[in-house]
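An overview of the molecular structure
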Amino acid sequence: MEEMREWKHRKSSTSSSIPIPNSSSIHSLDDGCLMHIFSFLSPIPDDFFADRYNTALVCHRWHYLACHPRLWLRVDRSVKDSSEPGVFPTIEMAVSHARPGDTILIAAGGIHLASNIQIKKPLCLIGAGELPDETTLFCSRGSDSALEFMSNCKVANLTVKAELGCCLLHRSGRLTIDGCILQCESNPLDYLSCPIVSTAAAGPEILTSSAKSHGDSVSVSRTRIEGGAKAVLTSGSLELQRVRVIYARTSIFFWFDVDRK
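These numbers come from a predicted model, not from an experiment.

For the rest of this paragraph, the subject is the pairing of strand S17 (residues 239-247). For S17 and strand S18 (residues 252-259), the ladder comprises 7 bridges, and the chain directions are antiparallel. Paired with Tyr 247 across the strands is Ile 252, a residue of S18. Here S17 hands over to S18 after 4 residues, the two strands then running antiparallel side by side.

Looking now at the pairing of strand S15 (residues 217-226). Strand direction decides the pairing type here: strand S12 (residues 174-178) and S15, joined by 5 bridges, are parallel. Within the sheet, the bridge partner assigned to Leu 175 lies in S15 and is Val 218. Here 3 bridges tie strand S13 (residues 181-184) to S15, and the two strands are oriented parallel to one another. Bridge pairing in S15 links Gln 183 to Glu 226. Pairing of S15 with S18 involves 5 bridges; the strand directions are antiparallel. Paired with Ser 219 across the two strands is Asp 257, which belongs to S18.

This next bit is on the confidence of the model for the protein chain. For the protein chain, mean pLDDT is 81; residues scoring 70 or higher make up 79% of the total. Contacts of residues 13-21 to residues separated by more than four positions or lying in other chains number 0 contacts, the stretch itself having pLDDT below 50.

Another aspect to go through is the pattern of salt bridges. Scanning the entire structure with this criterion turns up 7 salt bridges. Its salt-bridge partner being Arg 171, residue Glu 148 comes within 2.9 Å of it at the nearest N-O pair. Taken together, the residues span a long stretch of sequence, with Glu 148 in strand S8 (residues 145-149) and Arg 171 in the loop between strand S11 (166-170) and S12 at a distance of 23 residues. On the basis of relative accessibility, which here comes to 9%, the residue Glu 148 falls in the buried class. For Arg 224, the salt bridge identified is with Glu 226, shortest N-O distance 3.0 Å. Here the residues in one salt-bridge network are Arg 242, Asp 257 and Asp 259, joined through shared partners.

A few words now on the environment of Ala 128. Within the fold, Ala 128 resides in the loop between strand S6 (123-127) and strand S7 (136-139). For Ala 128, the residues in contact, after removing those within four places along its chain, are Leu 105, Ile 106, Ala 107, Ala 108 and Thr 135.

With respect to the helices and strands, Gln 183 occurs in strand S13. Between the alpha carbons of Gln 183 and Pro 195 there is a distance of 6.3 Å; along the sequence they are 12 residues apart. For Gln 183, the contacting residues outside a window of four places in its chain are Thr 159, Val 160, Lys 161, Ala 162, Cys 167, Arg 224 and Glu 226.

Analysis parameters
- Residues numbered from 1 in each chain as written.
- Predicted model: local features only at pLDDT ≥ 70, side-chain atom pairs only at ≥ 80, totals over all residues.
- Heavy atoms only, no water.
- Pairing = 2+ DSSP bridges.
- Helix = DSSP H or I, 4+ residues; strand = E, 2+ residues; numbered from the N terminus.
- pLDDT = per-residue confidence, 0-100.
- Contact = heavy atoms within 4.5 Å.
- Salt bridge = Lys/Arg side-chain N within 4 Å of Asp/Glu carboxyl O.
- Buried < 20%, exposed > 50% of the residue type's maximum accessible area, 1.4 Å probe, protein only.

If you want it as structure tokens, here you go:
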């Protein structure tokens, strides 16, 4: 028994002398340092890697820093020149100057013209208003689409209107559409209009679920879709799946995926 007590005493003294790492040491960093770290995170939610969206859910301080305007590019139509860093008068200029993983905040009020803007890098486009109808992108007749996506991107809290053609054209990558309004204006040629068009080809069959989630796809949630021949037109090898609809008093909200079988 004496030997057992001595062994326990020795064990407790040894373990108490081992320094325990401070798991909350990151909170001791100042705001500037944390913001610099957050700037390297993708603004697009990701199931496998750290991203700015989920980082903002950790605590109030991280939410403030992860959503700080310094981490965004801004589009403001009232800006006449590019003297203010990170602020541009048009969406096309903001997309051109953006780095992969940047977030572009589009100012509320008025109408932003958007015609055949190609996005070939991972970006997040967000409307700055409280509601999606406060930030409107308009695609005039004669354009194929307002925005054309060829990379992993997210569009949130925006209204996109197309006079003729489609609102969003998905070529490749993973496109996430969250809390938006997509409208094709009434037109005798409605059969030529679709709010969402995907021409992506899924490619060879991938067996693993993790690899599948990184292929071409469109994910739509809490989005109003109005006008056009149909909500989604696919001319590649993806198809409409997992459709859910909620009928509100004045609107219809859609949740669905466009993915391989």
